Structures are given as structure tokens and as C-alpha cells.
Amino acid sequence: MPSPHRDLQERAYEANLEIPRRGLAIYTFGNVSAFDPDRGLLAIKPSGVAYDALRVDDMVVLDLEERIVEGALRPSSDTRTHVALYRAFRGIGGIAHTHSAYATGWAQARLSIPIYGTTHADHLAEDVPCTALMSDEAVERDYEAETGRQIVDCFRERDPLRTPMVLVAGHGTFTWGKTAQAAVYNAAVLEEIAKMAFVTRALAPAAARLPDKLIRKHFERKHGKGAYYGQGRTR
Ligand SMILES: [Zn+2]
């Protein structure tokens, strides 16, 4: 009998396939989940399965207590981080985690990515934040849950719907969106922004941030009340 959550598994499956397609991960690196707030369930990539071997049925469906509802495989080892973010950030329907090279370079340097240009400002109106480094005690305690806490702490004064991405210090990226596809889109955008910022800083180590006026203009024309960019679709 087909799973009653097949649609959610399909959403997660399709979004996971976007990860290698966009060059955001090699081998089994990275994972994406899709969340349905009405059912209170998420579907996530199984642990350690290569993208080209993935099947829809392999997507593991869990509730926010991490009880497996569907699927025979072990869920991604990062599941607890995904769950922590779904609990904390209302209104998101998908999360992607990658170790894409440029963005992870900034995370390893423990630097937020300055908002140098309009490509960045089209997607978020501030620097891409970088979390604090995790303490030894937290690593010991419950690593994946603590990674979630690290991110949530970093968003105490931020709106996760306006800044749908973060660098986890020394580790990699987490991005999210209204859907799993939007989360992967934001992962690809983050990698591109990270690459551009790296080049900018290499050419001009003292490069200035984009002026506030330009940041507002670019962000608001895509995401503000009177948004007029594109054909009316939202991320
Ligand atoms: Zn990771």
C-alpha cells in the first residue's frame, strides 16, 4: 500500500536531488527535509545513501518527537538539527544542509558574509550570519541538538523568514524556506554569494558594504510589500 505521506516523501526526494544537480555536495554530503505543519511531519534523506541511489521510498518520515512514521532506513544524522529548526522557526516548510565549498570556507573562517552587492541584497538585507563556535561541553552533550540551538541563538534578534540562511562556525550551511525546493534554492544562492564575496575580498580586502539605500531597494523590490520583481511567484 502506498504511504499516506508519499507526497511529503516526493517533495523531500526531489529537493534532495537538487543538491548534487546544483553542485552543492559530493558523495553523501548534505541533506534536505520537507515539513508539513498540518501533519506535524517531516520527510528527510536517509543517512549515508548516495544521491544517485536514492529512491522516494527511502525518505524517512518522522514527527517532531523524532518518532519514525514511515521508512525502513535510518534518517540523516542531522535530523535532530532539522527538528530543532522546525520547532523554533514557524512558517518554514523545508531545510537544506550542505558543506558547499565557498560558504563552508566562510564558516570555517568563522566569518559572516558581508553584504557587498545587489545579488546578496536581492535575497537578504543583512550579512549572512555566522554562529558562535560550539563549546566542548555542547559537543559532548547532544551534538545535533546543540547545532540547532547554536542556530536558534544566532536568530534571537533576527527574523528567519527574512534571513533564510546561516553559516555554522567550523561546519557548513543551513538554509530554509517555505518549501524544501526553496531551501535548496537558498543553499545555491548562499554558495554563489559566498563565492562572490570571496572574490570581492581577494580583490579589495577593505571593500565596503553596499550602501543601505541600495540594500533596501533591492531587498524590498523582491520581498517588500510593493514587490515588483518577477511574475508574482514567491520563494
Ligand atoms: Zn554537516
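Residues numbered from 1 in each chain as written. Predicted model: local features only at pLDDT ≥ 70, side-chain atom pairs only at ≥ 80, totals over all residues. Heavy atoms only, no water.

A. A look at the pairing of strand 3 (residues 60-63). Burial along strand 3 is two-sided: Val60 and Leu62 and Val61 and Asp63, pointing in opposite directions, are all buried. Relative to strand 4 (residues 68-70), strand 3 runs antiparallel, the two being bridged by two bridges. When the bridges of strand 4 are listed, Leu62 appears paired with Ile68. Counting the residues between successive antiparallel strands, the hairpin from strand 3 to strand 4 contains four residues, one of them, Glu66, with a positive phi of roughly 65 degrees. (Buried < 20%, exposed > 50% of the residue type's maximum accessible area, 1.4 Å probe, protein only. Helix = DSSP H or I, 4+ residues; strand = E, 2+ residues; numbered from the N terminus. Pairing = 2+ DSSP bridges.)

B. Main features of the coordination of the zinc ion. Distances from the zinc ion to its protein donors, His97 (NE2), His99 (NE2) and His171 (NE2), fall within 2.1 to 2.2 Å. When the donors of the zinc ion are listed by position in the chain, the intervening gaps give H-x1-H-x71-H. (Donors = N, O, S within 2.8 Å, 3.2 Å for Na, K, Ca; no water.)

C. Fine view of the pattern of salt bridges. Under the counting rule described, the total for this entry stands at 19 salt bridges. Residues Arg22 and Glu18 are paired through a salt bridge, measuring 2.9 Å at the closest nitrogen-oxygen approach. Residue classification places Glu18 among the buried positions, given a relative accessible area of 12%. (Salt bridge = Lys/Arg side-chain N within 4 Å of Asp/Glu carboxyl O.)

D. How the structure looks around the layout of surface pockets. By volume, the second largest pocket amounts to about 160 Å³. If you go around the second largest pocket, you meet 14 residues; those closest to its centre are Thr28, Gly30, Asn31, Ser77 and Asp78. Its residues assigned to classes, the lining of the second largest pocket shows two nonpolar, ten polar and two charged. (1 Å grid on protein atoms, 1.4 Å probe; cavity = no way out; pocket = protein on both sides within 12 Å on 5 of 7 lines; lining within 4 Å. Points joined across faces, edges and corners; volume = space filled by probe spheres on them. Nonpolar A, V, L, I, M, F, W, Y, C, P; charged D, E, K, R; others polar.)

E. Molecular detail of the packing of helix 2 (residues 79-88) against helix 5 (residues 136-154). Orientation of helix 2 relative to helix 5, taken along the N-to-C sense of each, is 35 degrees, at an axis distance of 7 Å. Between helix 2 and helix 5 lies a crossing whose hand is right-handed. Each of Arg80, Thr81, Ala84, Leu85 and Ala88 in helix 2 lies in contact with helix 5, whose residues at this interface are Asp142, Glu144, Ala145, Thr147, Gly148, Ile151 and Val152. A breakdown of the residues in the contact of helix 2 with helix 5 according to their chemical character gives six nonpolar, three polar and three charged. (Axes fitted to C-alpha atoms, helices over the stretch in contact; angles between N-to-C directions. Left-handed = near helix turned anticlockwise from the far one by under 90°. Contact = heavy atoms within 4.5 Å.)

F. Region of the structure containing the sheet that holds strand 1 (residues 31-36). Strand order in the open sheet made by the seven strands is 4-3-2-1-5-7-6, with antiparallel pairing throughout. With one partner strand each, in any of the chains shown, strand 4 and strand 6 (165-168) form the two edges of the open sheet. Direction aside, neighbouring strands of the sheet carry axes that sit 25 degrees apart on average. Along the sheet, helix 5 makes contact with strand 6 and strand 7 (172-177), crossing strand 6 at roughly 125 degrees. Helix 6 (residues 180-203) rests against strand 1, strand 5 (94-98), strand 6 and strand 7 of the sheet, and its axis sits at about 140 degrees to strand 7.

G. A look at the environment of Tyr86. By the element assignment, Tyr86 lies in helix 2. Given the relative accessible area of 3%, Tyr86 is considered buried. With 16 residues separating them along the chain, Tyr86 and Tyr102 place their C-alpha atoms 26 Å apart. In contact with Tyr86, other than residues within four places in its own chain, are Ser33, Ala34, Phe35, Leu42, Leu64, Ile92, Gly93, Gly94 and Ile95.

H. Fine view of the packing of helix 1 (residues 6-21) against helix 6. Between helix 1 and helix 6, whose axes approach to 8 Å, the crossing angle comes to 15 degrees. Relative to helix 6, the element helix 1 lies roughly parallel. For the element pair helix 1 and helix 6, the recorded crossing hand is right-handed. In contact with Arg11, Glu14, Ala15, Glu18 and Ile19 of helix 1, helix 6 contributes Ala180, Gln181 and Val184. Residue composition of the contact of helix 1 with helix 6, grouped by class: four nonpolar, one polar and three charged. (Parallel < 35°, antiparallel > 145°, perpendicular 65-115°, else oblique.)

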